[in-house]
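# Coordinate inspection notes
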Amino acid sequence: MSVIRIWQSTVGKKVVMAVSGIFLMLFLITHLAGNLTMFAPDDGALFNQYAHKLESMGVLLYVAEAGLLAIFLFHVVAAFQVYLGKKRARAGGYDRDASKGGPSKLTVASRSMIITGIVLLIFIPVHIWMFKFNAGQEFTYTEVGGEEVKNLYAVVVESFQNPWIAFGYTAVMLLLGLHLRHGFWSSLQSLGAMSPRWTPAIYAVGLIFALLLAGGFLLLPLYFFFFGEIPDAGMGGGL
Ligand code: HEM
């Protein structure tokens, strides 16, 4: 079967969605690990150093970002096409729940996948604009280990002092948790990895994974809103 024919079939699109989703989950794990360095008691030195190391990868970072963007676009396009295909198939008007094997399988997360997906689709560009590009404003710089680096930590902490941003992020992270919970087992199902014997275990792992990831991200806005202090220009040089 040619690549185009695989893409044209619903099963092919589901596989594309599953594989791209797994790569996006891997990205989120590394992104969370990097972000958790903000909790080091060093006024952001470790986090700023980590962000600086990433930036110094130069062209390699651009390649990784282009790859991530391509994977993301595949995921979004396949998801919309599968969703619209299902909607068209249902246009006949038969009972929706019955056609899916009863409401037990139609979980809240499954029904809301398209909604949580659209929220994340809006969130991601806004998030990148805010944090990667400091919403178009000049960055401040700090010294880490004798080197002058961008004070990205200050951007994050300052943003989360704003209640709208902190609680807006918290709400989006809860929706991310729902999206991941369903996405986890649904990707394994599309890849044919769900056997009845393993289904309960896979559901449980999916739930734990979603709780850890969304919970980890969610700690950041809440912690910095309640306890964050914007570091002075001279701080953050502890490493
Ligand atoms: C509270 C949670 C989060 C914080 C504090 C945070 C922080 C940041 C920061 C500081 C950057 C810019 C520097 C860097 O690339 O490391 C960034 C970039 C990015 N974030 Fe987040 N992030 C959060 C959650 C998320 C979530 C949930 C997603 C995806 C659903 C996400 C996707 C991205 C992407 C795609 C980039 C651009 C990466 C690049 O171009 O290299 N972030 N984030």
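Given the structure is predicted, the values throughout are model-derived calculations rather than measurements.

## Description of the overall build of the protein chain
- The secondary structure content of the protein chain amounts to nine helices and two strands.
- Reading the helices (α) and strands (β) of the protein chain from amino to carboxyl end gives α-α-α-α-α-α-β-β-α-α-α.
- For the protein chain, the proportion of its 239 residues judged to be buried stands at 24%.
- A separation of at least 24 residues holds for 80% of the contacts in the protein chain among residues at least 6 apart in sequence.

## Considerations on the site of the ligand
- The immediate surroundings of the ligand are formed by 20 residues, with Glu65, Phe131, Lys132, Phe217 and Leu220 found nearest.
- For the shell around the ligand, the element with the most residues is helix H6 (residues 108-132), which contributes six residues.
- Across the shell around the ligand, the residue classes break down as 14 nonpolar, four polar and two charged.

## Some words on the confidence of the model for the protein chain
- When pLDDT is averaged along the protein chain, the result is 88, and 88% of the positions lie at 70 or above.
- Low pLDDT, under 50, characterises residues 95-99; the predicted model gives this stretch five contacts beyond four residues in sequence or across chains.
- The low-confidence segment residues 235-239, where pLDDT is below 50, has 23 contacts with residues more than four positions distant or belonging to other chains.

## Some details on the pairing of strand S1 (residues 141-144)
- Burial along S1 is one-sided: the residues Thr142 and Val144 are buried and none of Tyr141 and Glu143 is.
- The antiparallel hairpin formed by S1 and strand S2 (residues 147-150) contains two residues in its connecting segment, where Gly145 sits at a positive phi of about 55°.

## Description of the nonpolar core
- Of all hydrophobic cores here, the largest spans 28 residues; its most connected members are Phe47, Tyr153, Val156 and Ala214.
- Of all the secondary structure elements, the ones that give two or more residues to this core are helix H3 (45-55), helix H7 (152-159), helix H8 (163-190) and helix H9 (199-227).
- Among the elements that make up this core, the one with the highest residue count is H8 (seven residues).
- With sequence-adjacent residues up to four places away left out, Ala214 is seen in contact with Met173, Leu174, Leu176, Gly177 and Leu180.
- Core analysis: the second largest hydrophobic core is formed by five residues, Val16, Ala18, Ala78 and Ala79 among them.

What counts, and at which threshold
- Residues numbered from 1 in each chain as written.
- Predicted model: local features only at pLDDT ≥ 70, side-chain atom pairs only at ≥ 80, totals over all residues.
- Helix = DSSP H or I, 4+ residues; strand = E, 2+ residues; numbered from the N terminus.
- Buried ≥ 20, exposed ≤ 12 C-beta atoms within 10 Å, placed from the backbone.
- Contact = placed C-beta atoms within 7 Å.
- Near = placed C-beta within 6 Å.
- Nonpolar A, V, L, I, M, F, W, Y, C, P; charged D, E, K, R; others polar.
- pLDDT = per-residue confidence, 0-100.
- Pairing = 2+ DSSP bridges.
- Core = buried A, V, L, I, M, F, W, Y, C linked by C-beta atoms within 7 Å.

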